[in-house]
Amino acid sequence: MTSPSSMSSPAPSPGELRERLEEIGRRVGTEEAAHRAALQEAQRRADALRALVADALEGFAAAAATSGAPHLRIELGPTRLDDKHIRAVEFEIRRGRHIAIVTVKSRGEVTLVGPFHAGKTEGPCKTFPFAAEGDLLRGLGDFLERFLSEAVTP
C-alpha cells in the first residue's frame, strides 16, 4: 500500500539521501565530540583490563593442560565499541554458549556482565567506579571464577 506522503512528493535522489545522512552525521558527530576524551580513556582502561584477563586465562589454560585437560580453552574477544552503549567499550569472554562481558563506560565505570548463556537474558551485572580499582580486581576475580565454573562444567 502506498503512503500518502509518497504520492505527494517525488522520491529523493541518491545524492539527496547522501546529503541528508551527511547532515545527520555532522549533527551527531558534533554532539558526540564532547565525549571523545572520556571514550578514549574507556578504551585505554578496557585494553588494560583485557590484557589482565588474557594473562589470567593463559594461566588457567596452562594449569588445566598440565592437569590433564588441555581441551578447556576459553575465547577472549577483542575490545570494541559496546553493543548497547555508544559511549562504552567492551570485550567478551566465551566458551561455547557461556558468555561474560566486561564493559568499560566513558562515564567512569566498569560493569561485569554475566556469566550467562548465549540467547538468554544478560546478567547478573556488577558495576565498579574507576576509582575502586581494588574492588574491581577482587570482583573481576570472582566474576572470572563464576564464568569458568559454569563454562567448564558439563
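As a reminder, the structure under discussion sits directly above these lines.
Residues numbered from 1 in each chain as written. Predicted model: local features only at pLDDT ≥ 70, side-chain atom pairs only at ≥ 80, totals over all residues. Heavy atoms only, no water.

Caption draft 1: Molecular detail of the packing of helix H3 (residues 36-66) against helix H4 (residues 133-151). Relative to each other, H3 and H4 sit at 45°, their axes nearing to 12 Å. Here H3 is positioned oblique relative to H4, judged by the angle of their axes. Between H3 and H4 lies a crossing whose hand is right-handed. Packed against H3, whose contacting residues are Leu49, Leu52, Val53, Leu57 and Phe60, the element H4 presents Leu136, Leu137, Leu140, Leu144 and Leu148 at the interface. In the contact of H3 with H4, the residues fall into ten nonpolar, no polar and no charged. (Axes fitted to C-alpha atoms, helices over the stretch in contact; angles between N-to-C directions. Helix = DSSP H or I, 4+ residues; strand = E, 2+ residues; numbered from the N terminus. Parallel < 35°, antiparallel > 145°, perpendicular 65-115°, else oblique. Left-handed = near helix turned anticlockwise from the far one by under 90°. Contact = heavy atoms within 4.5 Å. Nonpolar A, V, L, I, M, F, W, Y, C, P; charged D, E, K, R; others polar.)

Caption draft 2: Examining the pattern of salt bridges more closely. Enumeration according to the criterion identifies ten salt bridges in this entry. Here arginine 87 and glutamate 32 are joined by a salt bridge, their closest N and O atoms 2.6 Å apart. Remark: glutamate 32 occurs in helix H2 (residues 14-33) and arginine 87 occurs in the loop between strand E2 (80-81) and strand E3 (88-95); sequence separation between them is 55 residues. Between glutamate 92 and arginine 94 there is a salt bridge, with the nearest N and O atoms lying 3.0 Å from each other. By relative accessible area, which is 22% here, glutamate 92 ends up partly exposed. (Salt bridge = Lys/Arg side-chain N within 4 Å of Asp/Glu carboxyl O. Buried < 20%, exposed > 50% of the residue type's maximum accessible area, 1.4 Å probe, protein only.)

Caption draft 3: Structural context of the nonpolar core. Ranked by size, the top nonpolar core spans 25 residues in total, and within it Ile93 and Val102 carry the most contacts. Counting residues per element, the ones that place at least two in this core are H3, E3, strand E4 (98-105), strand E5 (109-117) and H4. Among the elements that line this core, the one with the most residues is H4, at seven residues. Setting aside chain neighbours within four positions, we find valine 102 in contact with Leu49, Val89, Glu90, Phe91, Ile93, Val110, Thr111, Leu112, Leu140 and Phe143. (Core = buried A, V, L, I, M, F, W, Y, C linked by side-chain atoms within 4.5 Å.)

Caption draft 4: Inspection of the pairing of E4 at higher detail. For E4, the tally of buried residues reaches eight of eight residues, placing the bulk of the element in the interior. Of the two faces of E4, the one holding His98, Ala100, Val102 and Val104 and the one holding Ile99, Ile101, Thr103 and Lys105 are both buried throughout. Across eight bridges, the pairing between E3 and E4 is antiparallel. Residue pairing in the sheet places valine 89 in a bridge with valine 104 of E4. The antiparallel pairing of E3 with E4 creates a hairpin that spans two residues between the two strands, and glycine 96 there sits at a positive phi of about 60°. As judged from the seven bridges shared by E4 and E5, these two strands associate in the antiparallel manner. Pairing of threonine 103 across the sheet is with threonine 111, part of E5. Connecting E4 to the antiparallel partner E5 that follows it, the hairpin turn spans three residues, and glycine 108 within it adopts a positive phi of roughly 100°. (Pairing = 2+ DSSP bridges.)

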